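The primary structure of each chain is shown beneath.
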Amino acid sequence: MNRRMLSKEDEEAAGDEIEVRREDQDKINRFSRLHQRELALEEELKNKNKEKEELDDLETELELVEDEDELVQYKIGDSFFHIPLEQAKEMLGIAAAKLIKEIEALDDKLETIRKEMTGLKVELYARFGKTINLET
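Residues numbered from 1 in each chain as written. Predicted model: local features only at pLDDT ≥ 70, side-chain atom pairs only at ≥ 80, totals over all residues. Heavy atoms only, no water.

Going by the annotation in an unreviewed UniProt entry, the name recorded for the chain is Prefoldin subunit 4, with Neurospora hispaniola given as the source organism. In its Function (unreviewed entry) section, UniProt records this for the chain: "Binds specifically to cytosolic chaperonin (c-CPN) and transfers target proteins to it. Binds to nascent polypeptide chain and promotes folding in an environment in which there are many competing pathways for nonnative proteins." For the record of the chain, the UniProt heading Sequence similarities (unreviewed entry) holds the text "Belongs to the prefoldin subunit beta family." (UniProt positions renumbered as here; feature names shortened; annotations may be inferred.)

Written out as structure tokens, the structure is:
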């Protein structure tokens, strides 16, 4: 992590320390919690996108199966079941649609969190100027 130190000029320009009020500390704490939540959601979104990519690859593989009556292995939970190809394609489509909805929900949550973080940044930088570092 890259930490930024204030230069001598910035320290002198800051002059006397600004008093940190209770509401300021609450905003700083809220920003920190939002940042941690953002990181967790980004990781979850990355995993969901990888899972979606794998489902797309699997869908392509199922298209290459020549015998329509062939049974294919399909994983449900921790077990594999032999099911007809058409049923596997249908189940795969349902899983992909569900995953897309989950990805969209995560994107919405991230957008909401980032908007709130931006608002807090504006308020805190207006109050503390260069004496606070909220860059993530």
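**Student:** I'd like a rundown of the UniProt feature "coiled-coil region" (unreviewed entry) in the chain, residues and numbers included.
**Tutor:** Per the UniProt record, "coiled-coil region" (unreviewed entry) is found at residues 31-68 and 96-123. Between the end C-alpha atoms of residues 31-68 there is a gap of 55 Å, over a span that is 87% helix and 0% strand. In residues 96-123, the share of helix is 100% and the share of strand is 0%. The end C-alpha atoms are 41 Å apart. (Helix = DSSP H or I, 4+ residues; strand = E, 2+ residues; numbered from the N terminus.)

**Student:** How would you summarise helix 3 (residues 85-128) if you had to cite specific residues and measurements?
**Tutor:** For helix 3, spanning 44 residues, the distance from its first C-alpha to its last is 63 Å, which sits close to the expected 64 Å at 1.5 Å a residue. Glycine 129 sits one or two positions beyond helix 3 and adopts a positive phi of about 60 degrees. (Expected span 1.5 Å × (residues − 1).)

**Student:** An account of the pairing of strand 1 (residues 71-76) is requested, with residue identities and associated values reported.
**Tutor:** Two strands pair when backbone bridges link them, and strand 1 and strand 2 (residues 79-84) are joined in this way by six bridges, in the antiparallel orientation. Along strand 2, the bridge assignment pairs lysine 75 with phenylalanine 80. Linking two consecutive strands that pair antiparallel, namely strand 1 and strand 2, is a turn of two residues; a positive phi of about 70 degrees is found at glycine 77 within it. (Pairing = 2+ DSSP bridges.)

**Student:** An account of helix 2 (residues 22-63) is needed here, citing residue identities and associated values.
**Tutor:** Residues that lie three or four places apart on an α-helix share one face, since the helix turns once every 3.6 residues. The end-to-end C-alpha separation of helix 2 is 61 Å, in line with the 62 Å expected for 42 residues at 1.5 Å each. Buried residues of helix 2: Asp24, Phe31, Leu34, His35, Glu38, Leu41, Leu45, Lys48, Lys52, Leu55 and Leu62, and no others. Its buried side turned inward, helix 2 meets strand 1 and helix 3. (Buried < 20%, exposed > 50% of the residue type's maximum accessible area, 1.4 Å probe, protein only. Contact = heavy atoms within 4.5 Å.)

**Student:** Quick rundown of the nonpolar core? Include the residues and the values.
**Tutor:** Membership of the largest hydrophobic core comes to 25 residues, with the highest contact counts inside it found for Leu62, Val72 and Ala88. For this core, the secondary structure elements donating two or more residues are helix 2, strand 1 and helix 3. Looking at this core element by element, the count peaks at 13 residues for helix 3. Each residue touching leucine 62, except ones within four places of it in the same chain, is listed here: Val72, Leu85, Ala88, Lys89 and Leu92. (Core = buried A, V, L, I, M, F, W, Y, C linked by side-chain atoms within 4.5 Å.)

**Student:** Mind laying out the side chain of aspartate 24, listing which residues take part and the relevant values?
**Tutor:** Following the sequence through the fold, aspartate 24 ends up in helix 2. Aspartate 24 gets classed as buried once you look at its relative accessible area, which sits at 2%.

**Student:** How would you sum up the pattern of salt bridges? Please name residues and give values.
**Tutor:** With the rule as written, the count across this model stands at 12 salt bridges. Lysine 27 is paired through a salt bridge with glutamate 123; the nearest N and O atoms lie 2.7 Å apart. Here glutamate 123 lies in helix 3 and lysine 27 lies in helix 2, a separation of 96 residues in the sequence. Note on lysine 27: relative accessible area 24%, which makes it partly exposed. Judged by its relative accessible area of 38%, glutamate 123 is partly exposed. (Salt bridge = Lys/Arg side-chain N within 4 Å of Asp/Glu carboxyl O.)

**Student:** Lay out the packing of helix 2 against helix 3 in plain terms, naming residues and giving numbers.
**Tutor:** To characterise two packed helices, one gives the angle between the axes of the helices and the distance between these axes. One can describe the packing of helix 2 onto helix 3 by two numbers: an axis separation of 8 Å at closest approach and a directional angle of 160 degrees. By the angle between their directions, the pair helix 2 and helix 3 is classed as roughly antiparallel. Crossing hand, helix 2 versus helix 3: left-handed. Taken together, the residues of the contact of helix 2 with helix 3 sort by class into 23 nonpolar, two polar and 21 charged. (Axes fitted to C-alpha atoms, helices over the stretch in contact; angles between N-to-C directions. Parallel < 35°, antiparallel > 145°, perpendicular 65-115°, else oblique. Left-handed = near helix turned anticlockwise from the far one by under 90°. Nonpolar A, V, L, I, M, F, W, Y, C, P; charged D, E, K, R; others polar.)

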